[in-house]
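Remarks on the overall topology
Each chain, letter by letter, is given below.
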Amino acid sequence: MKLIEGNKIAKEIKEEIKIKSLQIKEKRGRAPHLAAVLVGHDPGSESYVSYKIKDCQEVRFESSLIRLNEDATEEELYEIIDKLNSDPLVDGFIVQLPLPQQFNEQKVIEAIKPEKDVDGFHPMNVGKMTIGLDAFKSATPMGITILLKKYGIETSGKNCVIIGRSNIVGRPLSILMSQKEMNSTVTVVHSRTKNIKEICLSADILITAMGKPNFVTADMVKQGAVVIDVGTTRVKSDKTKSGFKLSGDVDFENVAEKCSYITPVPGGVGPMTRLALLLNTLEAAK
Ligand code: GUN
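Before going into details, it helps to say that this report is about the structure given with it. Computed from a prediction, not measured in an experiment: that's the story for all the values here. (Residues numbered from 1 in each chain as written. Predicted model: local features only at pLDDT ≥ 70, side-chain atom pairs only at ≥ 80, totals over all residues. Heavy atoms only, no water.)

A contiguous patch of negative charge, built from Asp 42, Glu 70, Asp 71, Glu 75, Glu 76, Glu 79 and Asp 82, is present on the exposed surface. Looking at where Asp 71 falls in the secondary structure, it is placed in the loop between strand E3 (62-68) and helix H3 (74-86). (Patch = residues over 30% accessible without salt bridge, like charges linked within 9 Å, V, L, I, M, F, W, Y side chains within 5 Å. Areas by Shrake-Rupley, 256 points an atom, 1.4 Å probe, with all protein chains shown as cover. Salt bridge = Lys/Arg side-chain N within 4 Å of Asp/Glu carboxyl O. Lys, Arg positive; Asp, Glu negative; His and termini not counted. Charge placed at Lys NZ, Arg CZ, Asp CG, Glu CD. Helix = DSSP H or I, 4+ residues; strand = E, 2+ residues; numbered from the N terminus.)

See below:
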């Protein structure tokens, strides 16, 4: 079993991004600029956004964090989005999800100008990506395809099973994996699928994005499969300072014994999602 070290790959590519960022700064007088909007204080979101800002500092991007209270109104958020859409000094921005209940997330995503939607969530970007046109690709699916390529994992003609059909991971990933660059035969399984175990056992590449700790057990994994774990559930832990740790969807200890490759949680897919965000922001700045 070989561990797929997202942290290591992200670090290497961040060095390349830093060089390009400095070149852009020299050419046009300012570095790429990523802004993040955070509504409320969801602990997971607080931590993801602080990592995104730290990444920007590492690659010499400019960054801004715009905060709104938990009880902010839709009008307040749309006002900020409009400002960012028309700010020539901001190349791209994200609104961290999930949002508090009073917001319609889909409407919020659609308010972001597609040219600044570095998360790749706007229907214009998803649609363009789907038919193979140039577009910002959703960050997690893009990060996963970079990881597979970096590790030289053969995807062409392989059976790829994706657990989960969300708009930000499972669905766009199923499209990228079936396109000409990756050439996999893709099956998406979800909460209404009847024989999940049998389908998972057919996977050469098994990618799980469920958010259910220990959902994928060793009896669901074919010997020699590649397992990619997108799950990041915060669970209580008495071994960490914060009292929480991140748990993937995979029963890592037992599944790892059967795999050719596997991603850890944390340190697998997570850093690659953030890396893809930096790559999209670099493109937006160009
Ligand atoms: N929440 C969980 N993942 C993401 C992401 O990639 N982008 C945003 N904006 N919110 C998220």
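Taken together, Lys 52, Val 95, Gln 96, Leu 97, Asp 119 and Phe 121 are the residues near the ligand. Residue Gln 96 places a side-chain N or O atom 3.4 Å away from a nitrogen atom belonging to the ligand. Out of a free accessible area of 280 Å², the ligand has 82% covered by protein chains. (Near = heavy atom within 4 Å. Polar contact = N/O pair within 3.5 Å; in protein donor to acceptor, adjacent residues only side chain to side chain.)

A complete count under the given rule lists one aromatic pair for this structure. Note on Tyr 151 and Tyr 261: the rings are 6.2 Å apart at their centroids and 75 degrees apart in plane angle, and the pair reads as edge-to-face. Residue Tyr 151 is found in the loop between helix H6 (139-150) and strand E5 (159-163), and its partner Tyr 261 is found in strand E11 (residues 261-262); the two are separated by 110 residues along the sequence. You can call Tyr 151 buried: its relative accessible area is 13%. (Phe/Tyr/Trp six-rings, centres within 6.5 Å; stacked < 30°, edge-to-face > 60°. Buried < 20%, exposed > 50% of the residue type's maximum accessible area, 1.4 Å probe, protein only.)

Pairing within the open sheet is parallel, and its six strands lie in the order E1-E11-E8-E7-E5-E6. This sheet does not close on itself; its edge strands, each paired only once, are strand E1 (2-3) and strand E6 (185-189). Two strands pair when backbone bridges link them, and E1 and E11 are joined in this way by two bridges, in the parallel orientation. Of the residues in E11, the one forming a bridge with Leu 3 is Ile 262. (Pairing = 2+ DSSP bridges.)

Attention now goes to the sheet that holds strand E4 (residues 92-95). The strand order across the open sheet formed by three strands is E3-E2-E4, and the pairing between neighbours is parallel. The sheet is open, and its two borders are formed by E3 and E4, each paired with just one other strand. Between one strand and the next, the sheet's axes are offset by a mean angle of 15 degrees, whatever the strand orientation. Bridge count between strand E2 (residues 33-39) and E3: seven bridges; the pairing is parallel. Bridge assignment links Leu 34 to a residue of E3, and that residue is Ser 63. (Axes fitted to C-alpha atoms, helices over the stretch in contact; angles between N-to-C directions.)

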